[in-house]
Amino acid sequence: MTRGAALPVHPFPARMAPDLALERLPPARPGGVVLDPMMGSGTIPVLAALNGLRGVGFDSDPLAVLIARTTGRRLHARGFIRAAEGVAEWARATGHRRFHHNDRETQDFIDYWFDEDTQRCLGALARHICVATPAFRGPLWCAFSRLIITKDAGASRARDVSHSRPHRVRDGASFNPIERFVDAAEAVARRHAAISVTRPRAAALRLQRGDARALPVESDSIDAVITSPPYLQAIDYLRGHRLSLVWMGHTIASLRSLRTDSIGSETGSTIYADNADVLARAASRSLDSRGLRIVSRYINDFSLVIDEIARVVRPRGQMTLVVADATVRGIPVHVGEIVDGLATSRGMTCVERIERPIAVGSRYLPPPTDGANALDKRMRVEQCLTYSVSRRRAPTASRRASSASVRSRPLQ
C-alpha cells in the first residue's frame, strides 16, 4: 500500500490526509469494520479495506461516490484504456450533432459554462460512456469529469472548478475534450495503480450514496468511525461538481435541492433546545441573527450525525473526527467545541486531541495565498479528536423528528 504518496484518481477539495487516516485505523482483525459517514473521495474506507478491514463509506454527493468507487474497485487498465479509445473514436464520428438537454434550466446552466462546440464534444462523449461496458463506465465518467473539474485549463469557461469556486474567465474551452479524453483516462489508470497494485475483494468495501444523519447501517455493527465533516461555510462541493454532474443525468433543480439540504450549507434554522449549550460554547454572542441561524443549522445537523454514530458504533468502539474552526459573518466559530459538546453529551469520552498546522503550500482548499485572505486566517489549524464510545443518550423528541424527516427524503 502506498502511504500518502499517491495522487487521487480525480481532484477533490479538502480530502483527508492518508497518513492521518492510516494512523487511526484499528488493528486488522476478522470482521473489523471502519465507517466514514461523510467519505468524500473515499480515502478512509478504501484504506481500511486495503489494510485488512471492511470499509464502509457514504456521501450524498454523486460525484464523490463515483470517485470513491473508481478508487476502491479493481480496474483492468488495458481494457479500460481500450474502452476510452473506443468512446473517443465514436465521439469523433458523432461530435457534429448539436447538444440539447431536455430540461430548460439545466440547458441554460450548460450554455453559461460551456460553448457550443464543447457542448457537442462533451455530449458525444457522454452518450457513448452511457453505453460502455458497465465495468468501465464509472472510471470513464471519472476521466470525463477530470476534463471539467480543473484549476486552470479545462473543458468549461471557468477556472478554480476543482476548488469549488468556479468563475467564468474565457469564452470557450481550453482544449477539445474528445482529443484529451484518452489522456484523462490514462491519468485515472496511472493513479489507480499508484494507490495500490491490488484491490480488496468486493465484500470488503461498501461505498454508496447516503446521508450521515440517517445511516443505512445496523446498530452496534461498526468498530471505528473516522471522518472529516464538511467545513462550516468553507466548501460548497456541489458548486463545482455540478459542472460535471449535469452531463451525467442530473438536473440543476435536483442538485440545488441536494446543496440546500447538505450539512454545512448556509440555510439557517433555530437551535434545538438540547443543543443550546453547544451553541453558547461555540459561537460568540456578537454573532448576528443570520449567523446564529447558520451555526444553529450546522449544530442541529451535526447532532443527528453524532446520534447516528453513537447508534452504529459498538460499545468501546471509537470515533475520530478531523475538523477546523470557521468564521461566520466575521465572527470565529469553534467547531472543535461543537464536536466536543455533542460527543460528551452522548456519553463519549475524549481519549486524544491533536492539533496540527495545515501546511500553506499543500492545502487543497483554500488555495495557497499570501496569508491575507479571510479563508487563510480561519483554516490554518486542524484538530483531530478521538472519542471512546461507551453508551448512548436517547435522542430528544425534536432530534428524533428531524432524523425521521431526513430518512423520509430520497436522495436526488
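You'll find the structure just up there.
The shown structure was predicted, so the numbers you read here are calculated from the model rather than taken from an experiment. (Residues numbered from 1 in each chain as written. Predicted model: local features only at pLDDT ≥ 70, side-chain atom pairs only at ≥ 80, totals over all residues. Heavy atoms only, no water.)

## Concerning the overall build of the chain
For clarity, the threshold we go by: In DSSP terms, a helix is any run of H or I states spanning at least four residues, a strand is any run of E spanning at least two, and both are numbered starting from the N terminus. Exposed residues in this analysis have more than 50% of their type's maximum accessible area, buried residues have under 20%, and partly exposed residues fall in between, with area computed by a 1.4 Å probe over protein chains only. In this analysis, two residues are considered to be in contact whenever any of their non-hydrogen atoms come within 4.5 Å of each other. Areas reported as accessible are Shrake-Rupley estimates using a 1.4 Å probe. Residue values count occlusion only from the protein chains shown.
A count of helical and extended segments in the chain gives 15 helices and 11 strands. A total of 412 residues make up the chain; the buried ones form 58% of that total. In the chain, of all internal contacts separated by at least 6 residues, the share reaching a separation of at least 24 is 78%. Split by element, the accessible area of the chain, about 17,400 Å² in all, is 50% carbon and sulfur.

## Notes on the sheet that holds strand 5 (residues 205-209)
Strand-to-strand pairing in sheets goes through backbone hydrogen bonds, with the strands running parallel or antiparallel. Keep this limit in mind: Any two strands with at least two DSSP-identified bridges between them are counted as paired. In this analysis an axis means a line fitted to C-alpha atoms, helices contributing only their contacting stretch, and an angle means the value between N-to-C directions, from 0 to 180 degrees.
Spatially, 5-2-1-6-7-11-10 is the arrangement adopted by the seven strands of the open sheet, whose pairing is mixed. Strands with a single pairing partner mark the edges of an open sheet, and in this sheet they are strand 5 and strand 10 (348-357). If you compare each strand with its neighbour and ignore which way they point, the axes differ by 15° on average. By the bridge criterion, five bridges tie strand 6 (residues 222-227) to strand 7 (residues 313-323) in an arrangement that is parallel. Of the residues in strand 7, the one forming a bridge with Ala 224 is Gln 318. The strands touched by helix 3 (residues 62-72) are strand 2 (54-59) and strand 5; relative to strand 5, the strand with the most contacts, the crossing angle is about 160°.

## Let's talk about the nonpolar core
Put simply, the rule reads: Residues grouped as a nonpolar core are buried Ala, Val, Leu, Ile, Met, Phe, Trp, Tyr and Cys residues, joined through side-chain atoms within 4.5 Å.
By size, the foremost hydrophobic cluster in this structure holds 65 residues, and its most contacted members are Phe 80, Leu 125, Leu 140, Phe 144, Ile 148, Phe 181 and Trp 247. Examining the composition of this core, we find that eight residues originate from one element, helix 8 (residues 177-195), more than from any other. Discounting chain neighbours no more than four positions away, the residues touching Trp 247 are Phe 99, Ile 110, Phe 114, Gln 119, Leu 122, Gly 123, Ala 126, Trp 141, Phe 144 and Ile 148. Core analysis: the second largest hydrophobic core is formed by 44 residues, Leu 279, Ala 283, Leu 321 and Leu 385 among them.

## Brief notes about the pattern of salt bridges
Going by this rule: What counts as a salt bridge is simple: a side-chain nitrogen of Lys or Arg found within 4 Å of a carboxyl oxygen of Asp or Glu.
Overall, the coordinates contain 25 salt bridges when judged by the stated rule. The closest approach of N and O atoms between Asp 301 and Arg 213, which form a salt bridge, is 3.1 Å. Residue Asp 301 is located in helix 12 (residues 289-312), and its partner Arg 213 is located in the loop between strand 5 and strand 6; the two are separated by 88 residues in the primary sequence. For Asp 301, a relative accessible area of 7% puts it in the buried group.

## Focus on the pairing of strand 6
Burial analysis of strand 6 places six of its six residues in the buried class, the great majority of the element. Bridge count for strand 1 (residues 33-36) against strand 6 is two bridges, and the pairing is parallel. Across the sheet, the residue bridging to Val 34 is Ala 224, located in strand 6.

## Quick look at the packing of helix 9 (residues 237-245) against helix 10 (residues 252-261)
The condition is simple: Should an angle lie under 35 degrees it is considered roughly parallel, over 145 roughly antiparallel, and from 65 to 115 roughly perpendicular; all remaining angles are considered oblique. Crossing handedness is read from the near helix: turned anticlockwise from the far helix by less than a right angle, it gives a left-handed crossing, and turned clockwise, a right-handed one. Ten residue types, Ala, Val, Leu, Ile, Met, Phe, Trp, Tyr, Cys and Pro, are classed as nonpolar, four, Asp, Glu, Lys and Arg, as charged, and the remainder, Gly among them, as polar.
For the pair helix 9 and helix 10, interaxial distance at closest approach is 11 Å and the crossing angle is 155°. In this view, helix 9 runs roughly antiparallel relative to helix 10, as classed from their interaxial angle. The element helix 9 and its partner helix 10 pack so that their crossing is right-handed. Where helix 9 approaches helix 10, its residues Leu 238, Arg 239, Arg 242 and Leu 245 are matched on the opposing element by Leu 255, Leu 258 and Arg 259. Classifying every residue of the contact of helix 9 with helix 10 gives four nonpolar, no polar and three charged.

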